[in-house]
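Summary of the model geometry
Okay, here's what each chain looks like letter by letter:
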Amino acid sequence: MKYQWHFEVVWENFPIMLSGIGLTIALSILSMLAGAILGMVIALARLSPWTWLRGLAYCYTELFRTTPLLVQIVWVFYVLPLVTGIAFTPFYSGLVAFGLNIAAFMAEIYRAGITSVGQGQTQASLALGMTNAQVMRRILIPQAVTRMIPPIGTMWISLFKDTSLVSAIGVTELMYQARFLAVDTYRPVEIFTVCALIYFVITFPQSIGVNWLYHKYRTRE
Amino acid sequence: MADVVVRVEDLHKSFDDLEVLKGVSMEVQRGEVVVIIGASGSGKSTFLKCLNRLEEPNRGRIFLEDVEITGQKTDLPKVRRNIGMIFQQFNLFPHMSAIQNVMEGPRTVLRMSGERAREHASQLLDKVGLSDKLDVKPGQLSGGQQQRVAIARALAMEPKVMLFDEVTSALDPELVGEVLTVMKQLADEGMTMLVVTHEMQFGERVADRVVMFDEGVILEEGPPEKIFQRAESERTRRFLNQLHWEGE
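Residues numbered from 1 in each chain as written. Chains lettered and ligands numbered in written order. Predicted model: local features only at pLDDT ≥ 70, side-chain atom pairs only at ≥ 80, totals over all residues. Heavy atoms only, no water.

1. Focus on the sheet that holds strand E9 (residues 209-214) of chain B
All names here are of chain B. Taken in spatial order, the 6 strands line up as E6-E7-E8-E3-E9-E10 in an open sheet, and their pairing is mixed. Among the strands making up the open sheet, the edge pair consists of strand E6 (83-86) and strand E10 (217-222). Taking the axes of each pair of neighbouring strands and ignoring which way they run, one obtains an average angle of 20° across the sheet. Pairing analysis gives 4 bridges linking strand E7 (residues 161-165) to strand E8 (residues 193-196), with the strands arranged parallel. Its bridge partner lying in E8, Met162 is registered against Met193. (Pairing = 2+ DSSP bridges. Helix = DSSP H or I, 4+ residues; strand = E, 2+ residues; numbered from the N terminus. Axes fitted to C-alpha atoms, helices over the stretch in contact; angles between N-to-C directions.)

Structural data, given as C-alpha cells:
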C-alpha cells in the first residue's frame, strides 16, 4: 500500500489543534489539584480510628479503581445531572470525573506513604505528648511526602494522557479537535499522527522528569 | 514517707486470644530505679507501654502521682508529657537534626519559644555528651549516639518518670556502655526510672529494686543483691543462669 501523506492539512489547521492543548493542560492541572485535596481527605478517613469512616473511604477508592475511567466520565456527564439536577458543561463534567477519580488514586498514594513511615515514629511522637493531628503534621506527613513524589509524578503523566477520553463528551481539548479535523479534512492519518506526536512531545520530558525524581528519592532513603 | 510516682493496680492486657499481662500491681517511689527482667514474651515491654497507654490495658488502673490515667476521660497527650519513653529502635525523627529532635517536644507540645527550646536542648545534648552533634541528622549518628539523643529528647519534656524499653538491645556491644553511663547519671540525679533490660550488670549496680516478670505476672521482686544472688524462685535462677551462659 502506498499512501500519499499530506501534512499541509495539519499545518493549515494547527491553530485549532493548539487551542485544544490549552484545554488539555487546564483540565489536567485542575483535576490534579482537585484530586490532591479530596484525596487527602479520603486518605485521612482511611486512616481514621472510626471503622465506619474507614469503610466509607475504602468503598470510595475501590469504586473508582475498579470501574473504567471512560465509564466514570460518561456517567458524570449523562447520569449525574439526572440524579442531582445539576448539569455541568462538558469541561466541568470532565473535571468532576477526573477530580473524583484522581482523588481515589491519590488517597492510596498518601495512605501508602504515611503508613510506610512506621509505627515507631508514631509511638515516639505520642510518647512526647503530641496529639494525633500533631503527629500527622509534624512527623508523618513531612517524611511521607518524599516517598509520595515519584508515584504522584507517574500518576500525573497518565492523567495528562487520559484527559483525551473527555473528547467522548465533547470537551474541545486536543483529541476532540483532532477528531473534528479528521472528519472535516478527510485526513485522519496525518491529523492523528501529529496528535500523537504532540502528546509525546509534551509528555516525554515529563516522563524523564519523573524518572529523575524516582532516582533522586530512592538514593535519599 | 511514701512519695509514690507510679501506682499500678491489677493490670491486664490481651492481644486477641493471647493474655500478655495477667494482673500486675506495682508501686514506684520518687527517685526509685526499678529494673524489670524476664524472658521475651513475659510481658515486660507491654507493661511499660501500658504505663503511658501506647498500649491500652484491658483491665486495671494506673495512677501517676495519685491521678488516675486509665479513665475514659484522661487527657492522654497531657499525661504523656510527664512520662518519658526511650525505645529499643531509638525512633528519632530522621527528617530533623539532633537538636531539632530534642526541641520538637517543647516546641510542638509545650509551645515553648524557639530560643528557649534551643538553649535547653543544647544543654541536654551537652549533658549526654553530644554537644558537637547538634546539627547532625540521625542517619549520620551511631546507634549509641542516636539513643543518647533519644534520651535528651525525652528529658526535654522534664518528665516525672522515664521508661526505658530495652534501650541497648539494638546496639553493637561496644556502644552499650555510653548509653548505660547516661542512664546511671540520670539515676544518680534522682530520676524515677523503670528500665526493661537484659543488662544485668546495670541492674546490679544501679537498680534499687529488680522485678522479675514471668508469663504476665510478677514472679518475684526485691533488691538486686537478693534477686541476683539468692532468688527464691527456681525459674528466676534458671533465667539468670541462662543469661550468664549467653554472655560468656
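From this point, the discussion proceeds with the structure in view.
2. A closer look at the packing of aromatic side chains
Scanning all chains against the criterion turns up 10 aromatic pairs over all chains. Here A:Phe160 and A:Tyr199 contribute two aromatic rings whose centre-to-centre distance is 6.4 Å and whose plane-to-plane angle is 80°, an arrangement assigned as edge-to-face. Of the two residues, A:Phe160 sits in helix H8 (residues 132-162) while A:Tyr199 sits in helix H10 (residues 188-220), which places them 39 residues apart along the sequence. A:Phe160 sits in the buried class, given a relative accessible area of 3%. Residue class for A:Tyr199 comes out buried when judged on its relative accessible area of 11%. Seen in terms of ring centroids, A:Phe200 and A:Phe204 are 5.1 Å apart; in terms of plane orientation they differ by 20°. Their pairing is stacked. Of this pair, A:Phe200 and A:Phe204 both sit in helix H10, 4 residues apart, which is roughly one turn of that helix. Taken together, the aromatic side chains of A:Tyr3, A:Trp5 and A:Phe7 make up a single cluster linked through ring pairs. Over the ring of B:Phe63 we find B:Arg7, and its NZ or CZ is 4.3 Å from the ring centre. Just above the ring of B:Phe93 sits the side chain of B:Arg153; from NZ or CZ to the centre is 4.5 Å. (Phe/Tyr/Trp six-rings, centres within 6.5 Å; stacked < 30°, edge-to-face > 60°. Buried < 20%, exposed > 50% of the residue type's maximum accessible area, 1.4 Å probe, protein only. Lys NZ or Arg CZ within 6 Å of the ring centre and 35° of its normal.)

3. Some details on the confidence of the model for chain B
Averaged over all residues, the pLDDT of chain B is 94; the fraction at 70 or higher stands at 97%. Interface confidence for the predicted complex, expressed as ipTM, amounts to 0.93; the pTM equals 0.81. (pLDDT = per-residue confidence, 0-100.)

4. What about helix H5 (residues 143-155) of chain B?
Given a rise of 1.5 Å per residue, 13 residues ought to cover 18 Å, and the 18 Å separating the end C-alpha atoms of H5(B) matches this to within 8%. A large share of H5(B) lies buried, amounting to 13 of its 13 residues. (Expected span 1.5 Å × (residues − 1).)

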